[in-house]
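So you can see what is in the structure, the chains are spelled out below.
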Amino acid sequence: MADPPPLPVGPSDELSPLDYLLYRGESQPATRSAFLNVEILDRPADWGRLQEALERASRVVLRMRQKVVVPSVPVTSPQWVVDPDFDLDYHLRRVVLPGPGTLRQLLDLAEVVLQ
């Protein structure tokens, strides 16, 4: 009896029909599933260490550096591909609240950023 074929390791690079439907929904503001995470730290973060940690993470979890490419002629499924122009600094931003820096000011800024 032959051995069964090996199971794929990690996520597929091909989008399933459901994934593609959800991907297309992201282009419409009414169906976009945006979220924002706010963390309050007890001291300022070491910006350099944070950048380095996220840079390493994006190389370990390759999906963080990928984008969806939809073929111009739909003969194949859309694919996840590594974005050669990926720039972590585009996704990671530093913002300072004006004084006095209240929680209300933080939440108001988060609301605008999310929009």
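Note: the structure precedes this text.
Residues numbered from 1 in each chain as written. Predicted model: local features only at pLDDT ≥ 70, side-chain atom pairs only at ≥ 80, totals over all residues. Heavy atoms only, no water.

### A word on the side chain of arginine 65
Then step 1. Note that arginine 65 resides in the loop between α2 (47-60) and β1 (66-69).
Then step 2. For arginine 65, the side chain forms a polar contact with the side chain of glutamate 55, separated by 2.6 Å.
Then step 3. At a separation of 3.0 Å, a polar atom in the side chain of arginine 65 contacts the side chain of serine 58. (Helix = DSSP H or I, 4+ residues; strand = E, 2+ residues; numbered from the N terminus. Polar contact = N/O pair within 3.5 Å; in protein donor to acceptor, adjacent residues only side chain to side chain.)

### Thoughts on the packing of aromatic side chains
Then step 1. In the structure shown here, the tally under the stated rule is one aromatic pair.
Then step 2. Aromatic pair tyrosine 20 and tyrosine 23: ring centres 6.3 Å apart, planes at 20 degrees, arrangement stacked. Within this pair, tyrosine 20 and its partner tyrosine 23 are both found in helix α1 (residues 17-25), separated by three residues, close to a single helical turn.
Then step 3. Judged by relative accessible area, tyrosine 20 falls into the partly exposed class, the value being 25%.
Then step 4. Relative accessible area serves as the criterion here: at 36%, tyrosine 23 is assigned to the partly exposed category.
Then step 5. A cation over a ring is seen here: arginine 93 above tyrosine 90, with NZ or CZ 4.9 Å from the ring centre. (Phe/Tyr/Trp six-rings, centres within 6.5 Å; stacked < 30°, edge-to-face > 60°. Buried < 20%, exposed > 50% of the residue type's maximum accessible area, 1.4 Å probe, protein only. Lys NZ or Arg CZ within 6 Å of the ring centre and 35° of its normal.)

### Some remarks on the environment of tryptophan 47
Then step 1. Among the secondary structure elements, tryptophan 47 is positioned in helix α2.
Then step 2. Put simply, tryptophan 47 and aspartate 87 are 40 residues apart on the chain and 16 Å apart in space, counted from C-alpha to C-alpha.
Then step 3. The residues contacting tryptophan 47, other than those within four sequence positions of it, are Leu92, Arg93 and Arg94. (Contact = heavy atoms within 4.5 Å.)

### Re the layout of surface pockets
Then step 1. Of the pockets and cavities examined, the largest pocket occupies roughly 1,800 Å³.
Then step 2. Looking at the largest pocket, it is lined by 36 residues, and the ones nearest its centre are Asn37, Val38, Glu39, Leu92 and Arg93.
Then step 3. Elements with a contribution of two residues or more to the lining of the largest pocket: α2, α3 (88-91) and α4 (103-114).
Then step 4. Partitioned by chemical class, the residues of the lining of the largest pocket number 25 nonpolar, five polar and six charged.
Then step 5. Considered as a void within the structure, the second largest pocket measures approximately 240 Å³ in volume.
Then step 6. Looking at the lining of the second largest pocket element by element, the count peaks at three residues for β1.
Then step 7. Taken together, the residues of the lining of the second largest pocket sort by class into three nonpolar, one polar and two charged. (1 Å grid on protein atoms, 1.4 Å probe; cavity = no way out; pocket = protein on both sides within 12 Å on 5 of 7 lines; lining within 4 Å. Points joined across faces, edges and corners; volume = space filled by probe spheres on them. Nonpolar A, V, L, I, M, F, W, Y, C, P; charged D, E, K, R; others polar.)

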